Amino acid sequence: MSAAVRVRGMKRRFGRQVALGGVDVDVAPGSFCVLLGPSGCGKTTLLRLIAGLEAPDEGRIEIDGRCVVDASSGRTVPAGRRKLGMVFQGYALWPHKTAAENIDWPLRIAGLDRAARRARLAELAALLDLAPHLERYPGELSGGQQQRVAIARCLGPRPRLLLFDEPLSNLDVQLRAEMRLELLRLHGETGVTIVYVTHDQSEALALADHLVVLRDGRVEQAGVPSTLLTRPHTAFVAGFLGVPPANLLTAAHQDGAWRIGGKAFAVGCAAWGDGPVQVMIRPERLRLHERPAAGLLQAVVVEATPLGERTLARVEGAFGRATVLMPPWVGGSHGALAYLALPPTPDAVFAADGGRIT
Amino acid sequence: MTPASTSRARLGGRSLAPAVLTVGAFALVALLVLAPLAHIGLALATEAGAAALRDVFTGRIATNMLWLPLKHTLLIGLAVTLACVVLGGLLAWLVTMTDMPLRRVIGLLAALPFMIPTFAVALAWTVIFANDRLGEAGIGVLARLGAEPPAWLAWGAVPVTLVLIAHLYAIAYLMIAPALATVGRDLIAAAEITGASRAQVLKGVVFPLVAPALAAAGALCFAEAASSFSAPAILGLPVRFHTLATRAYGAFETGSPERGYALIATMIVVSAALLLLAARARRRGQSFATAAGKGVVRARMALGAWRWPLAIAALALVTATTIVPALALVLSSLSPQSGDVFGAWSWHYWLGAPDAAIARGQPGILRNPELHRAFIVTLAAGLFTGVSALAVGLVVGEAIARLGAGTVATTLRQLAFLPLLIPGLAIGAAFIGLYGALLYGSFALVVIAGVAATLPFAVESVAAARAQIAAELEESARLAGAGPLGVLVGVTLPLAAGKLLAGFVLVFVKMVRDLDLVILLYTPALPLLTVVAFRYASDGFAQFAHAVAVVILVLSIAAHLAAGGFGRAAQPWLAER
Ligand SMILES: Nc1ncnc2c1ncn2[C@@H]1O[C@H](COP(=O)(O)OP(=O)(O)O)[C@@H](O)[C@H]1O
Ligand SMILES: [Mg+2]
């Protein structure tokens, strides 16, 4: 089966600023694909390229097996013929139209007759719980309501592909959690393929069945979220993903042993090259002790958050910073001395340039 | 900035009780706006007034006095409005939304005609197009080159209309461009994604969003065109082409003010009807502006093969309405005779000693003591009116803002904007009637009439200044320990200063370049540059008039430059890529 979206060798520059430096992405039909990356990494640019709102410098894009843009042949299908919907970061509701008119206009453009439009509007209002707000102008709607109108507007003509650009970033925490559920429900009910952009990794992990991590205009890693969590390809992915994200500690080879913060670590693992490396250790594999002992690293507790069954602690020391997820901590918090125990082996090791060694 | 935070912002006067402020604001508006209107109404309610109304509307003279001029006024007003909205709107679209080359230069030039007074453009028109109607000496450049323009192009309805367009399309541009500049690119992208054609996007999304600005621009252009006195006076009177304004002027000059008032009341009613229509469109529009919000990055529309043709057409338009008239006036003032720009140039009209052979012994304007006085009086009138108008604007604007949304605030705001409807000529006439016994020929009367005429601009600039200040900014200064005075000096004034200065310059320039308002207030003891130029022109001393017009041009452009009026702050969309 052909991919719902296939992006190949996508490059886009703005003046001297490289927004995308050669990106490949595959999105399977019906999947919920999340593009994740820090602000400015090119997510919006990629989404706009898929939508046809931006032209590539190099590369091609296929939607449902049909080439919609190819920089080498100059072929491009205009945005309006790509049969997709997009929810913009600021929603981009037309401020002079009521909610109902906003939803109705694309249906009218699609050529539906009055009765069909009426029926579809009612259907969408029910799906997104909008019935009481239909006659209001966008300026009179709350953020969450505006967002649901924006989603209804682009669902109206039954697109096969929905694009979302950080749709939840303007909402408060509680609403955000609710809307996540809504989106998953929507995805389940409509079966539409979704490409969803966010910089929030917990949101990405909650929503994605396919995750693409972007950084500085390049794909760092793509795949099933659990694979990215357990087998990160780069230090960046390791340090970016997870709740809380994994620790990355610098280990140097000295006096015939790998050392973190001066203490020998992972004895017998000489195969990591000879430069300093970045060692990934998950927070739940670290422990804190109240008393010093051989092999423990001295640290200062920066923050200790009780989570019930466990405590989440952030510590600092000669090794750098680390996050520890452990059984309830009864030692001092904020400013107290503590002693960090490392596991015998790391979860992963990365070279200084971020590439994975083991 | 949210509307809530702006409405809490304060511009000085924090300690004034709202009631005092409100009463003060209403008193000022009553004195400046209602009193002259009431004066006109009362004058028409007298026996003489009733007789004048009868004469004007049904009498033997009605056709010549009212109906024909009314027809001219309406035709000119509608033609000018249509042309200005189309030209100003197209220009605004080209500059803000397309990839037209040279759009920055064109945008800057497009704001300039606003600074060139209509009477100067009208004079420039005669320099180029005049035929021998006013004598051999007065013929224009074209006639001298042997291409004598047809009569309809030299005088009357067509040149009056074109001259008014040349001045007013800039206002339309300056009102429409900001509206277009806030249509976010995502709003248009969202429409394009649905598969809508370019025409559908324009009709369904872009046009409705700028419709309020179009309506407002159209209404203002109509009011200005219909009430203009200087253009028809210079280009119409030589061929007995009259509008309501020139008829009213004639009535005042010949000592029948009631007839003048009757004509002026007609003008006001016509303009009011149109402005009310526009205000309705605008009220719906204001809620959009806040909803559209931020994020106004725009992808420019590619014009393709039309890029250069459109740029050249736009450049021709802005050049023809700025550089060409200015140049015509400068050259004419240096020429031996008006329009004889290829003759032997001399500085006589600027620097010459009195010569009985030329212009009845008038010296060049720079050595004419009367002109020196006029220069100083004009400058003083601009400065005093600017400061007073801003002071009144602060009281009224502050009161409107503090009253919030109720009927009282709406009433006050509508009263404050009423002068837009009242022709300058009418304001001048009414103030003479009102306070003439006490103040006729005094500087104070000029300033008071000026403040009344410019009140809408002053109130608007105060509103714009307030919008610069979020309540949080002042509050954080107070939390940092600043006293009320410290907040005012340290935060409020610096933030508001730019917009207030812009408002001052607007009023100053209007005062320096305006003829309609002051033509009736003029006395030989109180010379103002515009009236001096107009007198020179009517006395047949065209080049002196042109030289004075150049001085006025330089003054108003210098004032704008000094206030950074051509900078990016004035047209922020020019700075975008
Ligand atoms: N229209 C544009 N003009 C200039 N630079 C742009 C434009 N759009 C994006 N960029 C630049 O490209 C980079 C990627 O932008 P974007 O795709 O918006 O990132 P993200 O959405 O991941 O935050 C940024 O450095 C941004 O400054
Ligand atoms: Mg973005």
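This one's a predicted model, so the numbers in the text were calculated from it and none came from an experiment.

(A) Geometry of the overall build of chain A. From N to C terminus, chain A includes eight helices and 21 strands. Each principal axis of the C-alpha distribution contributes one length, and for chain A these read about 80 × 50 × 35 Å. Among the 358 residues that make up chain A, the fraction classed as buried is 51%. Contacts in chain A between residues at least 24 apart in sequence constitute 64% of all its contacts with a sequence separation of at least 6. Summing over all exposed atoms, chain A offers an accessible surface of approximately 16,000 Å²; the carbon and sulfur share of this is 50%. Charge separation in chain A, taken as the distance between the mean sites of 41 positive and 35 negative side-chain charges, equals 4 Å.

(B) Representation of the state of the cysteines in the model. Residues and elements named next belong to chain A. Under the defined criterion, the tally for this structure stands at zero disulfides over all chains. Take Cys33: it sits in no disulfide, and the sulfur closest to it among the cysteines is that of Cys41, at 13 Å. For Cys33, a relative accessible area of 0% puts it in the buried group. Free of any disulfide, Cys67 has its nearest neighbouring cysteine sulfur in Cys33, separated by 19 Å.

(C) Fine view of the side chain of B:Asp516. All names here are of chain B. Take Asp516: it is sitting in the loop between helix H23 (484-513) and helix H24 (529-538). Within the buried core, Asp516 has no salt-bridge partner, and the shortest N-O distance to an opposite charge, that of Arg513, equals 8.5 Å. Polar side-chain contacts of Asp516 include one of 2.8 Å to the backbone nitrogen of Phe229.

(D) Main features of empty space enclosed by the protein. Residue and element names in this part refer to chain B. The final tally for this structure, using the stated rule, is seven cavities of 30 Å³ or more. If you add up the space inside the largest cavity, you get close to 420 Å³. In terms of lining residues, the largest cavity is bounded by 29 residues, among which Glu224, Gly424, Lys510, Asp514 and Asp516 are the most central. Among the secondary structure elements, those contributing two or more residues to the lining of the largest cavity are helix H6 (118-129), helix H9 (157-181), helix H11 (198-227), helix H20 (424-439), helix H21 (443-467) and H23. Take the lining of the largest cavity: its biggest share by element is five residues, from H21. Per-class residue counts for the lining of the largest cavity are 16 nonpolar, eight polar and five charged.

(E) Quick peek at the sheet that holds strand E5 (residues 66-70) of chain A. Residue and element names in this part refer to chain A. Taken together, the five strands give an open sheet; going across it, the order is E2-E1-E4-E5-E6, and neighbouring strands pair in antiparallel fashion. What marks the edges here is a single partner per strand, and that holds for strand E2 (17-27) and strand E6 (75-76). The pairing of strand E1 (residues 5-14) with strand E4 (residues 58-63) spans five bridges and is antiparallel. Counterpart to Arg6 in the pairing with E4 is Glu62.

(F) Seen up close, the packing of aromatic side chains. If you walk through the whole model with that rule in mind, you get 16 aromatic pairs over all chains. The interplanar angle of 45° and the centroid separation of 4.5 Å between the aromatic rings of B:Phe229 and B:Tyr249 together place this pair among those described as tilted. In this pair, B:Phe229 is assigned in the loop between H11 and helix H12 (230-235) and B:Tyr249 in helix H13 (residues 244-253), connecting sequence segments 20 residues apart. According to the relative accessible area criterion, B:Tyr249 is buried, its value standing at 11%. Both rings, one in B:Phe252 and one in B:Tyr261, keep their centres 5.5 Å apart while their planes meet at 70°; by these two values the pair is edge-to-face. Joined through ring pairs, the aromatic side chains of A:Phe32, A:Phe164 and A:Tyr196 make up one cluster. Sitting over the face of the ring of A:Trp94, A:Arg153 holds its NZ or CZ atom 4.3 Å from the ring centroid.

(G) Representation of the sheet that holds strand E12 (residues 247-254) of chain A within the structure. Residues and elements named next belong to chain A. Pairing is antiparallel in the open sheet, where five strands are placed in the order E14-E13-E12-E15-E21. Each of the sheet's edge strands pairs with one partner strand only, and the pair in question is strand E14 (263-264) and strand E21 (348-350). In this sheet, E14 lies alongside strand E13 (residues 257-260) in antiparallel orientation, the contact comprising two bridges. Directly across from Ile260, in E14, lies its bridge partner Lys263.

(H) Spotlight on unusual backbone geometry. The linkage connecting A:Val243 with the following residue, A:Pro244, adopts the cis geometry, with an omega of -10°. Note that A:Pro244 resides in the loop between helix H8 (235-240) and E12. Phi is positive for A:Lys83, close to 55°, though the residue is something other than glycine. Relative to the elements of secondary structure, A:Lys83 occurs in the loop between E6 and strand E7 (84-87). Residue A:Lys83 is classed as exposed on the basis of its relative accessible area of 64%. In this structure, B:Leu102 is a non-glycine residue whose phi angle is positive, near 60°.

(I) Here's a closer look at the site of ligand 1. Taken together, eleven residues sit near ligand 1, with A:Gln17, A:Gly40, A:Lys43, A:Thr44 and A:Thr45 positioned nearest. Per-site note: the chains with residues close to ligand 1 are chains A and B. Here an oxygen atom of ligand 1 and a backbone polar atom of A:Gly40 are 2.6 Å apart. Taking 550 Å² as the accessible area of ligand 1 by itself, protein coverage stands at 70%. Elements supplying a minimum of two residues to the shell around ligand 1: E2 and helix H1 (43-51) of chain A. The greatest single-element share of the shell around ligand 1, amounting to three residues, is contributed by H1(A). Here the shell around ligand 1 is composed, by residue class, of three nonpolar, six polar and two charged.

(J) Examining the packing of helix H4 (residues 62-97) of chain B against helix H15 (residues 307-320) of chain B more closely. Residue and element names in this part refer to chain B. Between H4 and H15, the shortest axis-to-axis distance is 11 Å and the interhelical angle comes to 130°. Relative to H15, the element H4 is oriented oblique. Here the hand of the crossing between H4 and H15 comes out left-handed. Touching Leu87, Leu91 and Leu94 of H4 are Leu310, Ala314, Leu317 and Val318, all from H15. Classifying every residue of the contact of H4 with H15 by side-chain character gives seven nonpolar, no polar and no charged.

(K) Region of interest: the pattern of salt bridges. All names here are of chain A. Taken as a whole and assessed by the stated rule, the structure comprises 25 salt bridges over all chains. Note that Asp200 and Arg176 form a salt bridge whose closest N and O atoms lie 4.0 Å from each other. Residue Asp200 is found in the loop between strand E9 (193-198) and helix H6 (201-207), and its partner Arg176 is found in helix H5 (residues 173-190); the two are separated by 24 residues along the sequence.

Cut-offs and rules
Every residue gets a number counted from 1 within its own chain, in the order that chain's sequence is written. By the order in which they are written, chains take letters starting at A while ligands take numbers starting at 1. Under the rules for a predicted model, residues below a pLDDT of 70 receive no local features and side-chain atom pairs below 80 are neither given nor counted, while totals for whole chains, interfaces and linings still include all residues. The side-chain quantities take in all heavy atoms of the structure and omit both hydrogens and water. Helix numbers and strand numbers start at the N terminus; a helix is a DSSP run of H or I with at least 4 residues, a strand a run of E with at least 2. Burial classes: relative accessible area under 20% of the type maximum marks a residue as buried, over 50% as exposed, and values in between as partly exposed (1.4 Å probe, protein chains only). Should any heavy atoms of two residues lie within 4.5 Å, those residues are counted as being in contact. Only the protein chains shown count as covering a residue, and every accessible area follows the Shrake-Rupley method with a 1.4 Å probe. Positive charges come from Lys and Arg, negative ones from Asp and Glu, while His and the chain ends are left out of the count. Lys charges are placed at NZ, Arg charges at CZ, Asp charges at CG and Glu charges at CD. Cysteine sulfurs are considered disulfide-paired once they come within 2.5 Å of each other. Think of a salt bridge as a Lys or Arg side-chain nitrogen and an Asp or Glu carboxyl oxygen that are within 4 Å of each other. Whenever two N or O atoms come within 3.5 Å, that pair is a polar contact, provided that in protein one can donate a hydrogen and the other can accept it, and provided that, for residues adjacent in sequence, both atoms are side-chain atoms. With a 1 Å grid laid over protein atoms only, a set of points is called a cavity when a 1.4 Å probe fits there but cannot get out and a pocket when it is open yet has protein on both sides within 12 Å along at least five of seven lines; lining residues have an atom within 4 Å of a point. Grid points are joined across faces, edges and corners, and a volume is the space filled by probe spheres set on the points. Side-chain classes are defined by residue name, with Ala, Val, Leu, Ile, Met, Phe, Trp, Tyr, Cys and Pro counting as nonpolar, Asp, Glu, Lys and Arg as charged, and the others, Gly among them, as polar. For two strands to be treated as a pair, DSSP must find no fewer than two bridges joining them. Note on aromatic pairs: the rings of Phe, Tyr and Trp (six-membered ring only in Trp) are paired at centre separations within 6.5 Å, and the planes decide the class, stacked below 30 degrees, edge-to-face beyond 60, tilted for the rest. Charge over a ring is defined by NZ of Lys or CZ of Arg lying within 6 Å of the ring centre and within 35 degrees of the ring normal. If even one non-hydrogen atom of a residue comes within 4 Å of a molecule or strand, that residue is called near it. To obtain an axis, a line is fitted to C-alpha atoms, over the contacting stretch when the element is a helix, and the angle between two such axes runs from 0 to 180 degrees between their N-to-C directions. Should an angle lie under 35 degrees it is considered roughly parallel, over 145 roughly antiparallel, and from 65 to 115 roughly perpendicular; all remaining angles are considered oblique. Should the near helix be turned anticlockwise from the far one by less than a right angle, the crossing is termed left-handed; should it be turned clockwise, right-handed.

All we've got here are geometric facts, nothing functional implied.
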